[in-house]
Structure formats: structure tokens, C-alpha cells
Amino acid sequence: MSHKTVILFSLWTSLWSALFNHIYVVFFPSFGIPWVMFVCMAVFFGMDLKPKQFYCCILSAFCGMAWGQADFLLIDFFTQLGLPGHVSSFAAIVLGTAVAMYVHLRLLANTPLGLMPFVFAGVCLTFSQGGKNVTGLGFTFLIGIILAAICSIGLQFCLKKFP
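Residues numbered from 1 in each chain as written. Predicted model: local features only at pLDDT ≥ 70, side-chain atom pairs only at ≥ 80, totals over all residues. Heavy atoms only, no water.

(A) Up close: unusual backbone geometry. A positive phi angle, near 55 degrees, is found at D48, a position not held by glycine. Among the secondary structure elements, D48 is positioned in the loop between α2 (35–46) and α3 (54–80). Backbone geometry places N133, a non-glycine residue, at a positive phi of 55 degrees. (Helix = DSSP H or I, 4+ residues; strand = E, 2+ residues; numbered from the N terminus.)

Rendered as C-alpha cells:
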């Protein structure tokens, strides 16, 4: 990236990030997890995705949230079988992760649901909420991924204008 691109992209991203964060904390304070937006940006940029792929990110993240809930159900199931908590968690995570990875890396790899890093983010961030705050997490994923796409539009523009 050129020096000018780095400066303009940094300003573009900073301004949009501040705006989205401000809107979030003012209008949606009950969700309480604005930092999830920035996790979305890290995954989006880490995968070098393009703005048009934002819907794949959202769908994959939502799948991850569902897998996270499935993990909690498995933990409960194994606990009901009488296994200690740490053993239930271990077994559920091994089983849930193996199935999720196979489904998304093999069966859904070439579909809008095949972005495994966003699936993992969905699972991880579901665990960060203890399986609760589903609406807040889903909403925050949605706007975080939109934020990442908007920032990426700025990057694409700068890269063309100032190679």
C-alpha cells in the first residue's frame, strides 16, 4: 500500500468505526458488546475479503452462533448423563467442533456458509456471552460485518486511486 493509501484508509476506517461505535452505545446500550464489531473487522480483513462477500460473513457468523448453542446443548446433555462439567465441556467441544468443521469445510465449503473463520467467531463469541444475549450478538455481528464492508470499500477505492 502506498503511504497515501495507508493514511486515507486509516482515517476512513477510524471515522466509520467511531460513528458505528457511537450509534451502538447511544442507541443499543442494552446489548453491551460493541467490541464484537471490531472482532468482525479483524476476521474480515484477516481473510482479505471483498465488500460483496459481507452476506457470506453474516450467514457464516450466524451459523457459528447456532453451533455455539449446539455446544451448550451438548454440554447439558453430557452433564445430564452424569459426566463432570469439565468432561462434558471437553466432549461437547470435541464433537461439536469436529462436526461443524466437517460441515462447513467439506459440505458447505463453496457456499455462502463456508467461511470457517466467521463460523469460529460465531461459536467463540456465543461462548463469550454464555449462550445468552443472542439478539444482541446477532445484531452486533450484523453491524460489525457491515462496518467491515464499508471500511473495505474505502480500502478498495484507495488502492485503485493511489496504488
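Here the narrative resumes, following the displayed structure.
(B) Representation of the packing of aromatic side chains within the structure. Here the structure, examined in full by the defined rule, presents 11 aromatic pairs. Judged by centre distance (6.4 Å) and plane angle (25 degrees), the ring pair of Y24 and F139 falls under stacked. Highlighted residues: Y24 in helix α1 (residues 3–27) and F139 in helix α6 (residues 134–161), separated in sequence by 115 residues. Residue classification places F139 among the partly exposed positions, given a relative accessible area of 22%. (Phe/Tyr/Trp six-rings, centres within 6.5 Å; stacked < 30°, edge-to-face > 60°. Buried < 20%, exposed > 50% of the residue type's maximum accessible area, 1.4 Å probe, protein only.)

(C) Representation of the packing of α3 against helix α4 (residues 85–107) within the structure. Interaxial distance between α3 and α4 falls to 8 Å at its minimum, and their mutual angle equals 145 degrees. The two elements α3 and α4 meet at a crossing, and its hand is right-handed. From α3, C63, W67, D71, L74, I75, F78 and T79 reach across to α4, where they touch S88, S89, A91, A92, L95, G96, T97, V99, A100, V103 and H104. (Axes fitted to C-alpha atoms, helices over the stretch in contact; angles between N-to-C directions. Left-handed = near helix turned anticlockwise from the far one by under 90°. Contact = heavy atoms within 4.5 Å.)

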